[in-house]
Amino acid sequence: MCGIVGYIGKRAGAPIVLDGLQALEYRGYDSAGLVTINATGATLTKQVGRVAGLTAAVEPQAQPDHLAIGHTRWATHGVPSMFNAHPHTNTAKTIFVVHNGIIENYVQLRDRLQALGYQFVSETDTEVIPHLIDYYSQRLPSFTAALKAALADLRGAYAIAVITTIRPTTLYAARLSSPLVIGVGDGEHYLASDPAAIMEHTKQVLYLDDYDLATITADKISVHNLKRDKPIEHTVELLDFDNEQAQLGDYAHFMLKEIHEAPATIRSATLGRSLAAKNIVKLGGLESVVAQLKYIDRIVIVACGTSYYAGLVGEYLIEELAGIPVEVHLASEFKYRHEPFSRSTALLAISQSGETADTIAALKKVEDYGVLRLGIVNAVGSTIARMTDAGVYCHAGPEQAVASTKAFIAQVTVLIQIALHLSNGRTKLFKPLLKELDDLPAKAQIVLDQAETIKKIAAKYKDYRDFLFIGRQYNFPCALEGALKLKEVSYIHAEGYAAGEMKHGPLAMIDKDFPSFALATNSFLLDKTYSNIEEIRARKGPVVAIATVGNKHIADLADDVIYLPETLEQTQPILTAIAMQLFSYYIALARGHNVDRPRNLAKSVTVE
Ligand code: F6R
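Residues numbered from 1 in each chain as written. Predicted model: local features only at pLDDT ≥ 70, side-chain atom pairs only at ≥ 80, totals over all residues. Heavy atoms only, no water.

Student: Run through the overall build of the protein, naming residues and quoting values.
Tutor: When helices and strands are tallied, the protein shows 19 helices and 27 strands. For a compact globule of 608 residues, the expected C-alpha radius of gyration is about 25 Å, and the protein comes in at 25 Å, within 12% of that figure. If you line up the protein on its principal axes, its C-alpha atoms span 80 × 55 × 45 Å. Residues counted as buried form 61% of the 608 residues belonging to the protein. Considering only intrachain contacts with a sequence separation of at least 6, the fraction spanning at least 24 residues in the protein is 71%. (Helix = DSSP H or I, 4+ residues; strand = E, 2+ residues; numbered from the N terminus. Rg over C-alpha atoms; globule rule 2.2 N^0.38 Å. Buried < 20%, exposed > 50% of the residue type's maximum accessible area, 1.4 Å probe, protein only. Contact = heavy atoms within 4.5 Å.)

Structure, rendered in structure tokens:
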């Protein structure tokens, strides 16, 4: 979604900010803009479309100014257009604002400002901010006082960067429920909504918290927390990003690269944690809450999209291995439920980005209940990682394709380990699962080695309009995830169903034009899945099956089969997911879609 980049220092700001915006392209956007300021005035440039277009329009050489802010916009209020693109400004063009998030009371604010004679040129919620600052700066003694007064009027979520010709050597930043990170350089500072935008320049960062207002000059960062009304000293942290991981390398797309990172992802997620030789699972991130975990008798998982489906796999895992009841909620629904909570309940938030607005809101909802808040997060230092009491990082490295692939693999790998940890060694599967986690990277590689076979099958099914994914038990959430992956990158209508539900409705859709993807790997329920496939065949529905190698029967039932190495039912979702990810990737490719940036979607959904 939207991205913010800012710079103040000794170098020309425009090229640094433009590079940063380029690094944020993966998040999805439809227009971009930049403003630079010097002692004599401001230069504002906006473009609909790619950052490359903005770069061409800006001509960085022509803008040596040392203070700059830029933005990539993913349209929420108003179509992608030059008027709606950020930065937004007051009428006198002295105050410039870029904003991520949503100002929920913008209609009231706009009406109020319009009644006072302020002219609006865009359809955005953001435009109220520069006008509001303008209004207060004419009535209050300092620009900072005006900024504080304006922020106090805003309802909703925001990360904003502000620069003004009144203070041409200062960059202002403020956040509420939307991330902002400040990069520390030598006589220069950077600002970004995502560390990926600045990691090329510095690994030293400090993360702003809700209600922080930062005043940043080339030499100094001062942070004032508006809620606590006092200055805050944030610790400078070191980014553990590896620049190389963020590059495409020899792959055609990030999605393909990230699918192929599955073996390394499993290794990183288990490194130093699953110790098969010692028969222990060591989760450093949970050590501080070990005593509290002993009293937990219910776990509520909250997440969105793919992370939600990983959570559903987690429900099966934790209930089976640790015997603790688990509920999984879509974060967007959880927020508005009237859920009874006791202190022996733990909330577990799962998120790749750590910045998903609904998941953050779910965590906020239980803030005052005194429940233990845990996280499974990929992005180190992200809002969710910092909001939770304890948690386990996925360590999957940056995920850049919009469709989540390796994050799901890492999340399920971490969930297996959390379930084992919570079992306190009581499950008979403890040892076999630790051994299987050790063997799993090699098995994931065997699945990846079948990419050509999967590509051929995908070519055969690329023109269908609908697809059904079915599975039982551990394969049920996989079916949901398989359908999501296919629909988001190929735009084929796809639905995931518990195979046992077929006769309760979905079977009505099946005919020769409605293929099914049956997850029929080895399980004590396999015979039942066979029956479901038979029902589909009887209605002439084409079937692609995923089965375990050595299965002689499946070829008689399905039109096409992808064979996976033998594994335990609990680790099956990992291998199944890789095969389904490849299938979706190749179908999307064959249909000529932008695989990494599917239409209408954004990476990291930072608004509700
Ligand atoms: C699907 C996908 C989304 C995300 C969802 C949650 O491929 O990427 O469904 O899984 O937006 O995002 P995170 O995990 O960042 O909270």
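Student: Break down the pairing of strand E23 (residues 466-471) for me, with residues and values.
Tutor: Counting buried positions along E23 gives six out of six residues, so the element sits mostly inside the fold. Alternating positions in E23 separate into two faces, Asp466, Leu468 and Ile470 on one and Phe467, Phe469 and Gly471 on the other, with burial throughout. As defined by bridge partners, E23 adjoins strand E24 (residues 493-498) across six bridges and the pair is classed as parallel. Opposite Leu468, over in E24, you have Glu495 as the bridge partner. (Pairing = 2+ DSSP bridges.)

Student: Pulling in residues and values, what's your account of the packing of helix H14 (residues 430-448) against helix H19 (residues 572-590)?
Tutor: The contact between H14 and H19 brings their axes to 9 Å, and the two run at 25°. For the element pair H14 / H19, the angle class is roughly parallel. In the packing of H14 onto H19, the handedness of the crossing is right-handed. Residues Leu440, Lys443, Ala444, Val447 and Leu448 of H14 lie in contact with H19, whose contacting residues are Ile574, Leu575, Ile578, Ala579 and Leu582. (Axes fitted to C-alpha atoms, helices over the stretch in contact; angles between N-to-C directions. Parallel < 35°, antiparallel > 145°, perpendicular 65-115°, else oblique. Left-handed = near helix turned anticlockwise from the far one by under 90°.)

Student: Before we move on, can you summarise the site of the ligand with the specific residues and values?
Tutor: Within the structure, the ligand sits among 14 residues, and Ser307, Ser351, Ser353, Thr356 and Glu488 are positioned closest to it. Backbone polar atom of Gln352 to an oxygen atom of the ligand: 2.7 Å apart, as the coordinates give it. Side-chain polar atom of Thr356 to an oxygen atom of the ligand: 2.5 Å apart, as the coordinates give it. In the complex, the protein chains occlude 88% of the 410 Å² of accessible area that the ligand would expose alone. Elements with a minimum of two residues in the shell around the ligand: helix H9 (305-322) and helix H16 (475-490). Counted by class, the shell around the ligand contains four nonpolar, eight polar and two charged residues. When residues are assigned to domains, the shell around the ligand turns out to be shared by domain 2 (252-441) and domain 3 (450-608), each giving three or more. (Near = heavy atom within 4 Å. Polar contact = N/O pair within 3.5 Å; in protein donor to acceptor, adjacent residues only side chain to side chain. Areas by Shrake-Rupley, 256 points an atom, 1.4 Å probe, with all protein chains shown as cover. Nonpolar A, V, L, I, M, F, W, Y, C, P; charged D, E, K, R; others polar. Domains from an automatic or database assignment.)

Student: Break down the sheet that holds strand E21 (residues 372-377) for me, with residues and values.
Tutor: Sheet architecture is open: five strands sit in the order E19-E18-E20-E21-E22, paired in parallel fashion. Here the strands that pair on one side only, and so sit at the sheet edges, are strand E19 (326-330) and strand E22 (390-393). Put simply, the sheet's adjacent strands are angled 20° from each other on average, direction ignored. Inspection of the sheet shows E21 paired to E22 by four bridges, in the parallel sense. Bridging across to E22, Val377 finds its partner in Tyr393. The strands touched by H9 within the sheet are strand E18 (298-303), E19 and strand E20 (345-351), with E19 carrying the most contacts at an inclination of about 175°.

Student: Describe in detail the sheet that holds strand E12 (residues 212-216), supporting the description with residues and values.
Tutor: One open sheet holds the seven strands; their spatial order is E5-E6-E7-E8-E12-E13-E14, and the pairing between them is antiparallel. Every interior strand has two partners, whereas the edge strands, strand E5 (88-89) and strand E14 (230-232), have only one. Alignment of E5 against strand E6 (residues 95-103), held across two bridges, turns out to be antiparallel. By the bridge assignment, Thr89 is partnered in E6 with Phe96. Sitting on the sheet, helix H5 (residues 143-153) touches E6, strand E7 (156-164), strand E8 (167-176), E12 and strand E13 (221-225), and the angle it makes with E7 is about 160°.

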